[in-house]
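Breakdown of the fold
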Amino acid sequence: MLKKTSLMFAASLVILGLSSTSNAAPKTKYGVTVVECEFDYEDEEFCTDSRLKSYAKVMKERKPNFDGNKIIYVFETNATGYVNKKPYRLVVIDSAKKTVHPFGYSLSAAMDSYGKPMTVNNKGDAIKFDFNINSDRFCFSGNIDAYRNSYGYQDGPFCFKYDREYKSLLRE
């Protein structure tokens, strides 16, 4: 009886392990590879068929706009984010290697603690993205929304630097 219970427990662990890693594994389709399909406690799916098609289209039609030879692609999500906002997400696309690297945070317009929109510049914008082809820095003015890692706008941008080793944006 103990042997049968142990085998069932081991099989359960294997099945759970396979199901939890299947979304973490890279997915390739339409000539692009997304290195991470989702993040823990997030609703956003970076490897849906429509997302993969959009990455392939962006890679084909857009010129690099970040860090010399990469494309930052910012898109509004289909999912409702924190506090019922529709946040933006972004990915870094390496056209030469045909890889897509999702950014772990969702980004939304700046709001105060009462949910009232705030302006982030003299133009009256509530959200601003700042990056260019000659730099490996990405800066964002607005709110950062992530599970246990959210930040409200505070008089200046949040800046990230592209780490070539880890192929991701790391907060400065």
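The model shown is predicted, which means the values in this text are computed figures rather than measured ones. (Residues numbered from 1 in each chain as written. Predicted model: local features only at pLDDT ≥ 70, side-chain atom pairs only at ≥ 80, totals over all residues. Heavy atoms only, no water.)

A short note on the confidence of the model for the protein chain
The criterion, for reference: pLDDT is a residue-level measure of predictor confidence that goes from 0 to 100. We call two residues in contact whenever any of their non-hydrogen atoms come within 4.5 Å of each other.
For the protein chain, per-residue confidence averages 84 on the pLDDT scale, and 81% of positions sit at 70 or higher. Contacts of residues 5-23 to residues separated by more than four positions or lying in other chains number two contacts, the stretch itself having pLDDT below 50.

Quick word on the environment of I71
The test is simple: Runs of H or I in DSSP of at least four residues are treated as helices and runs of E of at least two as strands, each being numbered from the N terminus.
The residue I71 is located in strand β3 (residues 70-76) in this model. The spacing of I71 and N132 is 61 residues in sequence and 9.5 Å in space, taken between C-alpha atoms. Discounting residues that sit within four places of it in the chain, I71 has contacts with V58, M59, R62, K63, P64, N65, V91, V92, I93 and S95.

Some remarks on the packing of aromatic side chains
The geometry of an aromatic ring pair is captured by the separation of the ring centres together with the interplanar angle, meaning the angle of the planes. Put simply, the rule is: Ring geometry is summarised as follows: Phe, Tyr and Trp rings, the Trp one being its six-membered ring, pair when their centres sit within 6.5 Å, and such pairs are stacked at plane angles under 30 degrees, edge-to-face over 60 and tilted between the two. Only protein chains enter the accessibility calculation, which uses a 1.4 Å probe; a residue is then buried when its area is under 20% of its type maximum, exposed when over 50%, and partly exposed in between.
Under the criterion given, the structure shown has 14 aromatic pairs. Between Y88 and F129 the ring centres are 5.8 Å apart and the planes differ by 75 degrees, which places this aromatic pair in the edge-to-face class. With Y88 in strand β4 (residues 88-94) and F129 in strand β7 (residues 128-130), this pair connects stretches of sequence that are 41 residues apart. The exposure class of F129 is partly exposed, given its relative accessible area of 25%. Ring geometry for F131 versus F138: centroids 5.9 Å apart, planes at 40 degrees, classification tilted. Ring pairing ties together the aromatic residues Y88, F103, Y105, F129, F131, F138, F140 and F160, which thus form one cluster.

Digging into the nonpolar core
Here is the rule we go by: To qualify as a nonpolar core, a set must consist of buried Ala, Val, Leu, Ile, Met, Phe, Trp, Tyr and Cys residues joined through side-chain atoms within 4.5 Å.
With 17 residues, the main nonpolar core has Y55, V91 and I93 as its most contacted residues. Those elements giving two or more residues to this core turn out to be β2 (32-34), α2 (49-61), β3 and β4. For this core, the leading source of residues is α2, giving five residues. Non-local contacts of V91, meaning those with residues more than four positions away in its chain, are made with F46, Y55, I71, I72, Y73, F75, V100, H101, P102 and F103. Within the second largest apolar cluster, 15 residues are counted, among which are Y105, A146, F158 and F160.

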